[in-house]
Amino acid sequence: MKKEQVVNCQFSVWYPIFKKHTIKSDHDTQTHSNSDLNGDLNAEEDIQWSDDETTTTVTAPEFPEFSSHVLEAINALGGSVFPKLNWSAPRDANWIALNSSLQCHSLSDIFLLFKSSDFITHDLTQPFLLCSDQDSPDPAINYELVLRKWSELIPGGEFRCFVKENKLIGNKRNGRSRVTIIIIIIIVVVVVVVVVVSALCLSNYTIQLELHSRRLALLPAVSQRDYTQYYQHILKQEEQICQAVEAFFSQHIQYNFLDEDFVFDVYRDSQGRVWLIDLNPFGEVTDSLLFSWEELTSGDLTQQQEGPAFRYATSEVTVQPSPCLSYRIPRDFVDLSTGEDAYKLIDFLKLKKSQQEDSEEEEEERGGDAPPQ
Ligand SMILES: Nc1ncnc2c1ncn2[C@@H]1O[C@H](COP(=O)(O)OP(=O)(O)OP(=O)(O)O)[C@@H](O)[C@H]1O
Ligand SMILES: [Mg+2]
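Since this is a predicted model, take the numbers as computed values, not measurements. (Residues numbered from 1 in each chain as written. Chains lettered and ligands numbered in written order. Predicted model: local features only at pLDDT ≥ 70, side-chain atom pairs only at ≥ 80, totals over all residues.)

### Describing the overall build of the protein chain
For step 1, the next point in the chain: Scanning the protein chain from N- to C-terminus turns up 14 helices and eleven strands.
For step 2, the next point in the chain: Counting over 373 residues, the protein chain shows a buried share of 24%. (Helix = DSSP H or I, 4+ residues; strand = E, 2+ residues; numbered from the N terminus. Buried ≥ 20, exposed ≤ 12 C-beta atoms within 10 Å, placed from the backbone.)

### Some thoughts on the nonpolar core
For step 1, the next point in the chain: In terms of nonpolar packing, the biggest core is built from 49 residues, with Cys-161, Val-163, Val-245, Phe-264 and Val-266 touching the most fellow members.
For step 2, the next point in the chain: Elements represented by at least two residues in this core include exactly helix H2 (11-18), helix H4 (64-76), helix H5 (107-115), strand S5 (145-149), strand S6 (158-164), helix H10 (238-253), strand S9 (262-268) and strand S10 (274-281).
For step 3, the next point in the chain: Each of domain 1 (1-30 + 64-152) and domain 2 (153-197 + 215-321) accounts for three or more of the residues forming this core.
For step 4, the next point in the chain: Dropping the residues within four chain positions of it, Val-266 is found in contact with Phe-159, Cys-161, Val-245, Phe-248, Val-274, Trp-275, Leu-276 and Ile-277. (Core = buried A, V, L, I, M, F, W, Y, C linked by C-beta atoms within 7 Å. Domains from an automatic or database assignment. Contact = placed C-beta atoms within 7 Å.)

### Looking at the environment of Gly-283
For step 1, the next point in the chain: You can see Gly-283 is positioned in the loop between S10 and helix H11 (293-298).
For step 2, the next point in the chain: Considered as a pair, Gly-283 and Met-1 are 282 residues apart in the sequence and their alpha carbons are 5.5 Å apart.
For step 3, the next point in the chain: Discounting chain neighbours no more than four positions away, the residues touching Gly-283 are Met-1 and Leu-130.

### Some details on the site of ligand 1
For step 1, the next point in the chain: Around ligand 1, the surrounding shell holds 20 residues, and the nearest of these are Phe-82, Ser-88, Ala-89, Arg-148 and Asp-278.
For step 2, the next point in the chain: Among the secondary structure elements, those contributing two or more residues to the shell around ligand 1 are strand S4 (81-84), S5 and S10.
For step 3, the next point in the chain: Ranked by residue count, the leading element in the shell around ligand 1 is S10, at three residues.
For step 4, the next point in the chain: Of the residues contributing to the shell around ligand 1, the split by class is eight nonpolar, three polar and nine charged.
For step 5, the next point in the chain: Taken domain by domain, the shell around ligand 1 gets at least three of its residues from each of domain 1 (1-30 + 64-152) and domain 2 (153-197 + 215-321). (Near = placed C-beta within 6 Å. Nonpolar A, V, L, I, M, F, W, Y, C, P; charged D, E, K, R; others polar.)

### Quick notes on the sheet that holds S5
For step 1, the next point in the chain: With antiparallel pairing, three strands are arranged side by side in an open sheet as S1-S5-S4. In this open sheet, the two strands that pair with only one neighbour each are strand S1 (25-28) and S4. Shown here is a sheet whose adjacent strand axes are inclined to one another by a mean of 20°, direction ignored.
For step 2, the next point in the chain: Bridging between S1 and S5 involves four bridges; their strand directions are antiparallel. Counterpart to Asp-28 in the pairing with S5 is Leu-145. (Pairing = 2+ DSSP bridges. Axes fitted to C-alpha atoms, helices over the stretch in contact; angles between N-to-C directions.)

### Digging into the pairing of S9
Regular strands have side chains that alternate between both faces of the sheet.
For step 1, the next point in the chain: Within S9, six of the seven residues are buried, which leaves it mostly tucked inside the rest of the structure.
For step 2, the next point in the chain: Pairing analysis gives six bridges linking S6 to S9, with the strands arranged antiparallel. Within S9, the position partnered with Cys-161 by the bridge is Phe-264.
For step 3, the next point in the chain: The pairing of S9 with S10 spans seven bridges and is classified as antiparallel. Along S10, the bridge assignment pairs Arg-268 with Val-274.
For step 4, the next point in the chain: The hairpin formed by S9 and S10 contains five residues between the paired strands, and Gly-272 there has a positive phi angle of roughly 90°.

### A word on the confidence of the model for the protein chain
For step 1, the next point in the chain: Counting all residues, the mean pLDDT for the protein chain is 81, and 75% of those residues have values of 70 or more.
For step 2, the next point in the chain: Highest mean pLDDT in the protein chain belongs to S10 (98); lowest belongs to helix H8 (residues 199-216) (38).
For step 3, the next point in the chain: Low pLDDT, under 50, characterises residues 171-175; the predicted model gives this stretch 16 contacts beyond four residues in sequence or across chains.
For step 4, the next point in the chain: Long-range and interchain partners of residues 201-219, a stretch whose pLDDT sits below 50, account for 26 contacts in this model, where long-range means more than four residues apart.
For step 5, the next point in the chain: Taken over the whole predicted complex, pTM reads 0.74, whereas the ipTM for its chain interfaces reads 0.99. (pLDDT = per-residue confidence, 0-100.)

### Some remarks on H10
For step 1, the next point in the chain: Taking 1.5 Å of rise per residue, the 16 residues of H10 would be expected to cover 22 Å, and the 21 Å separating its terminal C-alpha atoms lies within 8% of that figure.
For step 2, the next point in the chain: Listing the buried residues of H10 in full gives Ile-241, Val-245, Glu-246, Phe-248, Phe-249, Ser-250 and Ile-253. (Expected span 1.5 Å × (residues − 1).)

### Notes on the domain arrangement of the protein chain
For step 1, the next point in the chain: Segmentation of the protein chain into domains returns domain 1 (1-30 + 64-152), domain 2 (153-197 + 215-321) and domain 3 (324-354).
For step 2, the next point in the chain: Computed over C-alpha atoms only, the centres of domain 1 and domain 3 are separated by 31 Å.

### Some points on unusual backbone geometry
For step 1, the next point in the chain: Even without being glycine, Glu-165 reaches a positive phi, approximately 50°.
For step 2, the next point in the chain: Along the chain, Glu-165 falls in the loop between S6 and strand S7 (167-168).

Next comes the structure, spelled out in structure tokens:
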């Protein structure tokens, strides 16, 4: 994944291209660039140090123009919105909101979510994390507040689709799309001509045909988005879902985006209509859900002739806790429980040991002072 691919997945880049097929939104790019934000954070002149060394008076910054612009946008979008930054929504912070949801009615609702979200911090501080071209300079980013009309989306209707070289990865159903049919016809015509021309070319043709058929035998990589739950309707409507998603892809998305490798999220509503929800970079910063990035990039899926490349939970047994739950407790607890940070674990054990030694000492002292029985 290159930095440019990340840049192309910003909301303000893809939204104008796919406006007709996604939820109505407003995005304000008049906000600060990364360097402005850092400048603001370092602006010590805003802090008025009082004589008393222990108290500091900080004047809260005000943005009257920005606030009224946001309020206007919220009203224009029907009074309640779903907020995002250039790439991420504060999904990890919904528990802090009064309504435990990302549904916002005012600027302070948005500020609360943004300030509490690690995902938003990621957008601000590490947008190019895991990019392969780390040596190249970071492209300039204009931060934007995105407000999307609030829509009651049923999580079971959401799917994530992985596109490599402008194909749904390993999309065997792609063989049915118009473009692929044309390609097949062209290949067949070329092959016939080659066969007729010479035996030498015939051997080349065999090699060519093998390559083509491999590419056409790709299987689709589409995953249920809310993979922690089992939805019976997905099992029942597997075929319709696949057809609807693939038709949407070939009619509206394929070849229309700036990159040929990307991940897009869709929502299939109760009438069977498919809507675009988001575009994400094709790389590890994007959650691969029921696939692994190794599978998605290794070509294993493309070689496979059988097997479900449309993946979804098939029974209650696979139900898991929501991955966002871990953001509700302090980071240290999570690191300790998963054992991911060995140093934290060592510090924790040392702390425990010293606490134990302290209490043993106290007990000894108390024992010494105790009146003889
Ligand atoms: N306009 C909306 N109204 C209500 N809920 C929404 C709206 N847009 C998205 N959602 C919900 O929020 C979830 C996250 O939205 P979105 O994909 O835009 O966030 P994201 O930060 O890009 O997520 P990811 O990190 O997985 O790419 C969606 O799966 C959907 O359930
Ligand atoms: Mg996204």
